[in-house]
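In case you want the letters, here they are:
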Amino acid sequence: MREDEKVSHLMKGVAEDIYQALLTREINDTASFIKWCNYIEDMKQKRVGRPRFERFPNVVPVASLTDETDFWSLLFAQSYEKKSID
């Protein structure tokens, strides 16, 4: 398999955020692909800091309990449920 085919195949399996970062780089072979992936991952690890507040392991976020995707939809759904209970 040619190097450009290998790089093309590898790019298909990369996470979207890394894919977007790799698009701006000149990648002609698998060695440069690996080098840039490692560099991007290292930068992501340096950026991620310790969270200010830690969640208890048995607490589930409210947003994960419903199918609502934004705050206003969640608020509307909660108020509708409250009115239907009363």
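Conventions we followed
- Position numbers for residues count from 1 along each chain, tracking the sequence in the order it is written.
- Selection of residues for local features in this predicted model requires a pLDDT of at least 70, selection of side-chain atom pairs for listing and counting requires 80 or more, and totals for whole chains, interfaces and linings are taken over all residues.
- The side-chain figures draw on all heavy atoms in the structure; neither hydrogens nor water molecules are used.
- We count a stretch as a helix when DSSP gives it H or I for four or more residues in a row; a strand needs E for two or more, and each element gets its number in order from the N terminus.
- Residue exposure (1.4 Å probe, protein chains only): buried if accessible area is under 20% of the type maximum, exposed if over 50%, otherwise partly exposed.
- Contacts are assigned to residue pairs that have any heavy atoms within 4.5 Å of one another.
- In short, Shrake-Rupley with a 1.4 Å probe defines the accessible areas, and a residue's cover is counted only from the protein chains shown.
- Here, nonpolar core means buried Ala, Val, Leu, Ile, Met, Phe, Trp, Tyr and Cys residues that are tied together by side-chain atoms lying within 4.5 Å of each other.
- Candidate patch residues must exceed 30% relative accessible area and have no salt bridge, after which like charges are joined if within 9 Å and Val, Leu, Ile, Met, Phe, Trp or Tyr side chains if within 5 Å.
- Salt-bridge detection follows one rule: a side-chain nitrogen of Lys or Arg within 4 Å of a carboxyl oxygen of Asp or Glu.
- A residue's pLDDT is simply how confident the predictor is in it, with values from 0 to 100.
- Each axis is a line fitted through C-alpha atoms, taken for helices only over the stretch in contact, and angles between the N-to-C directions span 0 to 180 degrees.
- Convention used here: angles under 35 degrees read as roughly parallel, angles over 145 as roughly antiparallel, angles from 65 to 115 as roughly perpendicular, and any remaining angle as oblique.
- What makes a crossing left-handed is the near helix being turned counterclockwise from the far one by less than a right angle; a clockwise turn instead makes it right-handed.
- Residues are grouped as follows: nonpolar covers Ala, Val, Leu, Ile, Met, Phe, Trp, Tyr, Cys and Pro; charged covers Asp, Glu, Lys and Arg; every other residue, Gly included, is treated as polar.

You'll find the protein entered in an unreviewed UniProt entry as Retrotrans_gag domain-containing protein, with Trichonephila clavipes given as the organism.

Caption draft 1: Structural context of the overall build of the protein. In terms of helices and strands, the protein carries four helices and zero strands. What you see in the protein, going N to C, is helices and strands ordered as α-α-α-α. By the burial criterion, 14% of the 86 residues in the protein qualify as buried. Long-range pairs, those at least 24 residues apart, make up 18% of the contacts in the protein with a sequence separation of at least 6. In the form shown here, the protein has an accessible surface area of approximately 7800 Å², with 57% of it arising from carbon and sulfur atoms.

Caption draft 2: Representation of the nonpolar core within the structure. Of all hydrophobic cores here, the largest spans nine residues; its members are Val7, Met11, Val14, Ile18, Leu22, Ile27, Phe33, Cys37 and Ile40. Among the elements of the structure, α1 (3-12), α2 (16-23) and α3 (30-47) are those that each provide at least two residues to this core. Of all the elements, α3 adds the most residues to this core, at three residues. Sequence-distant contacts of isoleucine 18, that is, excluding residues within four places in its chain, are made with Cys37, Ile40, Glu41 and Lys44.

Caption draft 3: Quick look at a nonpolar patch on the surface. Among the surface-exposed residues, Phe71, Trp72 and Leu75 lie close enough to one another that they form a single nonpolar patch of about 390 Å² accessible area. By the element assignment, leucine 75 lies in helix α4 (residues 71-85). Classification of leucine 75 as partly exposed rests on a relative accessible area of 41%.

Caption draft 4: A look at the confidence of the model for the protein. Chain-level statistics for the protein give a pLDDT mean of 78 and a share of 70% at 70 or above. Looking across the protein, the model is least confident in α4, with a mean pLDDT of 69, and most confident in α1, with 89.

Caption draft 5: Layout of the pattern of salt bridges. Taken as a whole and judged by the stated rule, the model has four salt bridges. Between arginine 2 and aspartate 4 there is a salt bridge, with the nearest N and O atoms lying 3.0 Å from each other. One salt bridge in this structure joins arginine 2 and glutamate 5, with 3.4 Å as the shortest N-O distance. Accessibility expressed as a relative area gives 35% for glutamate 5, which makes it partly exposed.

Caption draft 6: Summary view of the packing of α2 against α3. As a packed pair, α2 and α3 sit with axes 10 Å apart at the nearest point and diverge in direction by 120°. One element, α2, and the other, α3, form an angle in the oblique class. You can see that α2 and α3 cross each other, and the crossing is right-handed. Only Phe33, Trp36, Cys37, Ile40, Glu41 and Lys44 of α3 make contact with α2, whose side of the interface consists of Asp17, Ile18, Ala21 and Leu22. Per-class residue counts for the contact of α2 with α3 are seven nonpolar, no polar and three charged.

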